[in-house]
Amino acid sequence: MSENKEESEVEVKRVFIGAGCNRVVNNVSWGASDLVSFGAQNAVAIFCPETAQILTTLPGHKASVNCTHWIPSTKFAFKAKQLDRHYLLSGDTDGVIILWELTLADKKWRQELQLPQSHKKGVTCITGIMVSETDAIFASTSSDGAVYVWELVLPSTAGGECKLSCLETLFVGSKPMVALSLAELPGNSGHMVLAMGGLDNKIHLYCGERTGKFVHACDLKAHTDWIRSLDFSLPICTNDEANSILLVSSSQDKGIRIWKMTHRGSLISSQGTYRKEEISLASYIEGPVLVAGSSSYQISLESLLIGHEDWVYSVEWQPPSTTSVEGTPYHQPQSILSASMDKTMMIWQPERKTGIWMNVVTVGELSHSALGFYGGHWSPDGNAILAHGYGGAFHLWKNVGIGVDHWQPQKVPSGHFAAVTDIVWARSGEYILSVSHDQTTRIFAPWQNDASLTDEESWHEIARPQIHGHDINCVAIIQGKGNHRFVGGADEKVARVFEAPLSFLKTLNLATCQKSSFPENLQADVQILGANMSALGLSQKPIYVNTLQETAEGNGNDGLDTLESIPDAVPVVFTEPPIEDQLAYHTLWPESHKLYGHGNELFSLNCDHKGKIVASSCKAQSALVAEIWLWQVGSWKPVGRLQSHSLTVTQMEFSHDDSMLLAVSRDRQFSVFTIKRTDADEISYQLLGRQEAHKRIIWSCSWNPFGHQFATGSRDKTVKIWAVEQESSVKQMATLSQFNCSVTALSWTGIDRQRNHGLLAVGMENGLIELWSLTIDKSVAANLAVRLDPSLCHVSSVNRLSWRNPEKSEECRSMQLASCGADRCVRVFDSLVMGDYRENVREGADEIISLLAIMDRDLNKHSSSPTHSMRVEEDAILGISTMQLKSIKLIFERVYQSEEKIPHLKEAKNRTTERDLFVHS
């Protein structure tokens, strides 16, 4: 084997990330940058609510991320107008807190620092305030019983570094705090108040100066269960003076309380006002007095809000608006958002006349999928609210009413909330299908519409075909013609076959702009519209087209206690990406067959390229159980039981001519079987070769699309290339350079058939991905084409890699690679082999220069006939291949890198811009 320098430059960019939110309170934060942060396993994920896309994930934590907090948060957006950099704090279950920096101009992230003094146990809450445009104070708490208060001085100039200092360390005893909130005390610029609540049902108030020295001031006793959330408002202005602040608290006692802290001087001077309020039923229950330096504050109970029927996990004041009253930079709205495990979020506001706090908006009460909300958050402008729930899903509502509240659900990113175990492309690459230990199967696809035709693809989850009662381990798409089908294997002994219903086929046609591989004229035979979930969550029963109306008229839950029963699905055709409630129940696929035979839980599945045979394996500790079963597609009868291994077969793959089946196992061996078919669809098979290939478990394998060579990857940190010789024996051709980590996933795609040249994607246990360029002749010429940046990769083990097509088409702009991992993420990358595209650009640029010369001459010659010149222009454009046009457009976007390398490119770019050529193309 020879390892050369790179033959061609490969460029990889991120296309899509699908991920669910960690199932924990305080995990989500909506910042003044209008971006949302959340923990996705060990990574911090950032998503844009406007586009409903996850923009990036930030690697750095070595444990699950528990909480995130923006500096500045939405509360201090009015102080962030001049900032060109925003900051994010994230804490994990190991007690580590990391500070991240976002540069707004180029949207680039970097890890600024890790806090030097970490908690001994998991961080449960982080809160912070902006004291000035360059000074922030934040506090963190942990289940170790400690609360740290920090000062963060932001750099005032570009390129400066943050300065961090610990102001105070507080120990609260054996009952740790889980909720924190910080505020500056009104009328006293030098003091702050820190509220904390937790397992002792009390709210503890501490006072301190900007330099630290926080001392316990008083306790507020009213809640009868754990305190779950606290939030201070900004100072409330009355008579042009900020003399009070409000604290809202929520608890597992299902109640919400609002506390008022009033500067005592203002309390004495406004007794008449309070008497008037007492008469109007907004009575104040006086509490303790908080002393801060020379000032004192009367604390009183402003209101008790009763409305939720389960634990209230989150309360948050509406962010201040910048349409301020004279003399103040902001206006603090009297509006509170609460989120509860009763599956609702509520907005509370005081009545104008009586001042009594009332629930004015309730959202989420019809949701069957949320299983309760863990947190609720306002957008910076207060026109949208976001919740995250038990199932790792987001729910977003936007106030679209004009002059009146009208909250409508909006698109949000979605993804799995447990390890994603397998991923596979649809047979024509329209979508990817992933399975996970969160017991769901999900379909992600680029949703194309009129607005997105000229932009980058916008990927969304468009269906959830299976919601199961067992963790799902493997999946295989049935290739060949006909309807979309897949086989899934879970922690059970039976494999299940699913077939796409009519509602999905029509939705897919809309998503792909009628480019589906199963067009409408072939859908007439599909009589199943959707599926209903069974009570136990195992089988999914079909809903037929002609019985849908009868089902809708009848009550499907007659005689049952409907409080916890599963609602009937209403399959519909979606004209835009569906939201969580629709995905959870109305996009199921019916189960058509069960495949019985294995003695243990299913572990691996694969289908041949003609769609005739499915191979399956299960977890095994003996040779008898470790056999591979072959199933005939259609009849679903077992047609073979292949014995070779003594432990679990971890992955199988058919060669691209379907003449061989490759299997790798935990027993460190691989097996190659020859598969022969007769005209009567009978199958014969024979073991061609078995070899102990690695020193540790073999996790993955992949065939060369152009031949009978294959790669194996192992826990021993090696990837080996093998060749089947004359269909009689297997020999080793090469071993790639030793990797730094266990190799857990492989996928091989072809680039140039004549040269037998391709790319091998290698995924590792640490989440990193590499692309290797392989050229096969009598020996293997291998080189590392690109090592993906860690910010693009997974943060935990890569479980599966899959190329969209086994061979690069001449018409495709780039090759797409999908990956999934233990970090709960599904990722899609664009891989561009720059050498091939530069050649297309050279040819295309010359063509366009010639074309423009013809157009100029034609326009001068036929200036009186614009129709004729338009036709000449269109005819000339058709003379340039689609590949050349797409390549030119892509490279023009990167002119600063390419102008020096490609003659005439700048001239072609300028002239095509003048003619707006690509609008016509």
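Cut-offs used in this document
Residues numbered from 1 in each chain as written. Predicted model: local features only at pLDDT ≥ 70, side-chain atom pairs only at ≥ 80, totals over all residues. Heavy atoms only, no water. Helix = DSSP H or I, 4+ residues; strand = E, 2+ residues; numbered from the N terminus. Buried < 20%, exposed > 50% of the residue type's maximum accessible area, 1.4 Å probe, protein only. Contact = heavy atoms within 4.5 Å. Areas by Shrake-Rupley, 256 points an atom, 1.4 Å probe, with all protein chains shown as cover. Core = buried A, V, L, I, M, F, W, Y, C linked by side-chain atoms within 4.5 Å. Pairing = 2+ DSSP bridges. Axes fitted to C-alpha atoms, helices over the stretch in contact; angles between N-to-C directions. Salt bridge = Lys/Arg side-chain N within 4 Å of Asp/Glu carboxyl O. Patch = residues over 30% accessible without salt bridge, like charges linked within 9 Å, V, L, I, M, F, W, Y side chains within 5 Å. Lys, Arg positive; Asp, Glu negative; His and termini not counted. Polar contact = N/O pair within 3.5 Å; in protein donor to acceptor, adjacent residues only side chain to side chain. Phe/Tyr/Trp six-rings, centres within 6.5 Å; stacked < 30°, edge-to-face > 60°. Lys NZ or Arg CZ within 6 Å of the ring centre and 35° of its normal.

Caption draft 1: Just the overall build of the protein chain, in detail. A tally of regular secondary structure across the protein chain gives 11 helices and 61 strands. Across the 921 residues of the protein chain, 59% fall into the buried class. Long-range pairs, those at least 24 residues apart, make up 56% of the contacts in the protein chain between residues at least 6 apart in sequence. For the protein chain, the exposed surface amounts to about 38000 Å²; the carbon and sulfur share of it is 48%.

Caption draft 2: Representation of unusual backbone geometry. Cis peptide bonds are those with omega within 30 degrees of zero, and the linkage from isoleucine 71 to proline 72 qualifies with 0°. Relative to the assigned elements, proline 72 resides in the loop between strand 7 (65-71) and strand 8 (85-92). In the Ramachandran plot, lysine 107 falls in the positive-phi region, its phi being about 60° despite a non-glycine side chain. Of note in the backbone geometry, lysine 717 takes a positive phi value of approximately 70° without being a glycine. Along the chain, lysine 717 falls in the loop between strand 52 (709-714) and strand 53 (719-725).

Caption draft 3: Layout of the nonpolar core. Residues Ile71, Leu89, Ile137, Phe138, Leu152, Leu194 and Met196 are the most contacted members of the largest nonpolar core, which totals 43 residues. Of all hydrophobic cores here, the second largest spans 26 residues; its members include Ile443, Ile472, Ala490 and Leu529.

Caption draft 4: Structural view of the sheet that holds strand 50 (residues 683-692). Judged by pairing direction, the sheet is antiparallel, and its 4 strands sit side by side in the order 47-48-49-50 without closing on themselves. In the strand order of this sheet, the two ends are held by strand 47 (649-654) and strand 50, each with one partner. Within this sheet the neighbouring strands show an average axis-to-axis angle of 20°, counted without direction. When strand 49 (residues 669-677) meets strand 50, the two strands line up antiparallel, connected through 9 bridges. Within strand 50, the position partnered with threonine 674 by the bridge is glutamine 686.

Caption draft 5: Spotlight on the pattern of salt bridges. According to the stated counting rule, one finds 21 salt bridges in the structure shown. Across the pair arginine 464 and glutamate 580 runs a salt bridge whose closest N-O atoms are separated by 2.9 Å. Remark: glutamate 580 occurs in helix 5 (residues 580-586) and arginine 464 occurs in strand 36 (residues 459-467); sequence separation between them is 116 residues. Side by side, arginine 464 and glutamate 580 carry an identical accessibility label, which is buried. With a closest N to O distance of 2.8 Å, lysine 594 and glutamate 591 form a salt bridge. With relative accessibility at 32%, the residue lysine 594 sits in the partly exposed group. We classify glutamate 591 as buried; its relative accessible area is 12%. The network of salt bridges with shared partners includes Asp84, Arg85, Glu101, Arg110 and Glu112.

Caption draft 6: Here's a closer look at the environment of cysteine 162. As for its placement among the helices and strands, cysteine 162 is situated in the loop between strand 13 (146-153) and strand 14 (163-171). Here cysteine 162 falls in the buried class, since its relative accessible area comes to 10%. A C-alpha to C-alpha distance of 9.5 Å links cysteine 162 and threonine 134, two positions 28 residues apart in sequence. With sequence-adjacent residues up to four places away left out, cysteine 162 is seen in contact with Tyr87, Leu99, Glu112, Leu113, Leu152, Val153, Leu154 and Pro155.

Caption draft 7: Inspection of the sheet that holds strand 42 (residues 591-595) at higher detail. Taken in spatial order, the 4 strands line up as 37-38-39-42 in an open sheet, and their pairing is antiparallel. The open sheet has two edge strands, strand 37 (472-477) and strand 42, and neither has a second partner. Going across the sheet, the axis of each strand differs from the next one's by a mean of 25°, ignoring polarity. Inspection of the sheet shows strand 37 paired to strand 38 (residues 485-490) by 5 bridges, in the antiparallel sense. The residue of strand 38 that forms the bridge with valine 475 is glycine 488.

Caption draft 8: Region of the structure containing a nonpolar patch on the surface. Together, Ile356, Met358 and Val360 make up a nonpolar patch on the protein surface, roughly 220 Å² of accessible area in all. Within the secondary structure, isoleucine 356 is located in the loop between strand 27 (345-350) and strand 28 (357-363).

Caption draft 9: Spotlight on the pairing of strand 16 (residues 191-198). Of all 8 residues that make up strand 16, 8 are buried, and the element is covered over most of its length. What you see with strand 16 is no split at all: His191, Val193, Ala195 and Gly197 on one side and Met192, Leu194, Met196 and Gly198 on the other are buried throughout. Summarising the sheet, strand 15 (residues 177-184) and strand 16 pair through 7 bridges and their orientation is antiparallel. Of the residues in strand 16, the one forming a bridge with leucine 180 is methionine 196. The loop that links strand 16 with its antiparallel partner strand 17 (residues 202-209) comprises 3 residues; one of these, asparagine 201, has a positive phi angle of about 70°.

Caption draft 10: Looking closely at the side chain of arginine 257. Its location among the elements puts arginine 257 in strand 22 (residues 255-263). Buried charge without a partner: arginine 257 forms no salt bridge, and the closest opposite charge is aspartate 253, 4.9 Å away. Among the polar contacts made by the side chain of arginine 257, one reaches the main-chain carbonyl oxygen of alanine 222 at a distance of 3.5 Å. Contacts of arginine 257, omitting those with residues within four sequence positions, involve Ala222, His223, Leu247, Val248, Ser249, Leu301, Ser303 and Leu304.

Caption draft 11: Seen up close, the pairing of strand 34 (residues 432-436). Of all 5 residues in strand 34, 5 are buried, a share of seventy percent or more. Residues Ile432, Ser434 and Ser436 point to one face of strand 34 and Leu433 and Val435 to the other, with burial holding for every one of them. In this structure, strand 33 (residues 420-425) lies alongside strand 34, joined through 5 bridges in antiparallel fashion. Bridge pairing in strand 34 links valine 424 to leucine 433. Hairpin geometry of strand 33 and strand 34 is characterised by an intervening segment of 6 residues between the two adjacent antiparallel strands and by a positive phi of about 80° at glycine 429. Here 4 bridges tie strand 34 to strand 35 (residues 440-446), and the two strands are oriented antiparallel to one another. When the sheet's bridge partners are listed, serine 434 is paired in strand 35 with arginine 442. Joining the antiparallel neighbours strand 34 and strand 35 is a turn of 3 residues, in which glutamine 439 adopts a positive phi near 70°.

Caption draft 12: Quick peek at the side chain of serine 229. Along the chain, serine 229 falls in strand 19 (residues 227-232). Residue contacts for serine 229: discarding those within four places in its chain leaves Ala179, Val248, Ser249, Ser250, Tyr313, Ser314 and Val315.

Caption draft 13: Quick look at the packing of aromatic side chains. Counting across every chain of the model gives 23 aromatic pairs. When the centroid spacing of 5.9 Å and the interplanar angle of 75° are considered together, the rings of tryptophan 317 and tryptophan 357 count as edge-to-face. On the criterion of sequence distance, the pair formed by tryptophan 317 in strand 25 (residues 312-317) and tryptophan 357 in strand 28 is long-range, its members being 40 residues apart. Exposure class is identical for tryptophan 317 and tryptophan 357. Each is buried. Relative to phenylalanine 504, the ring of tyrosine 431 has its centre 5.7 Å away and its plane inclined at 90°; by these criteria the two rings are edge-to-face. With tyrosine 431 in the loop between strand 33 and strand 34 and phenylalanine 504 in helix 3 (residues 502-511), this residue pair connects regions lying 73 residues apart in the sequence. Overall, the relative accessible area of 1% leaves tyrosine 431 in the buried class. Look at phenylalanine 504 and you get buried, because its relative accessible area is 4%. Chaining the aromatic ring pairs together yields one cluster made of Tyr431, Phe486, Phe498, Phe504 and Trp589. Taking the ring centre of tyrosine 390 as reference, the NZ or CZ of arginine 23 above it sits at 3.7 Å.

Caption draft 14: View of helix 3. Most of helix 3 is tucked away: 8 of the 10 residues are buried. Three or more residues of helix 3 are buried, namely Leu502, Ser503, Phe504, Leu505, Thr507, Leu508, Asn509 and Ala511. Lining the buried residues of helix 3 we find strand 35, strand 36 and strand 40 (528-533). Two residues or fewer after helix 3 comes cysteine 513, characterised by a positive phi angle close to 55°.

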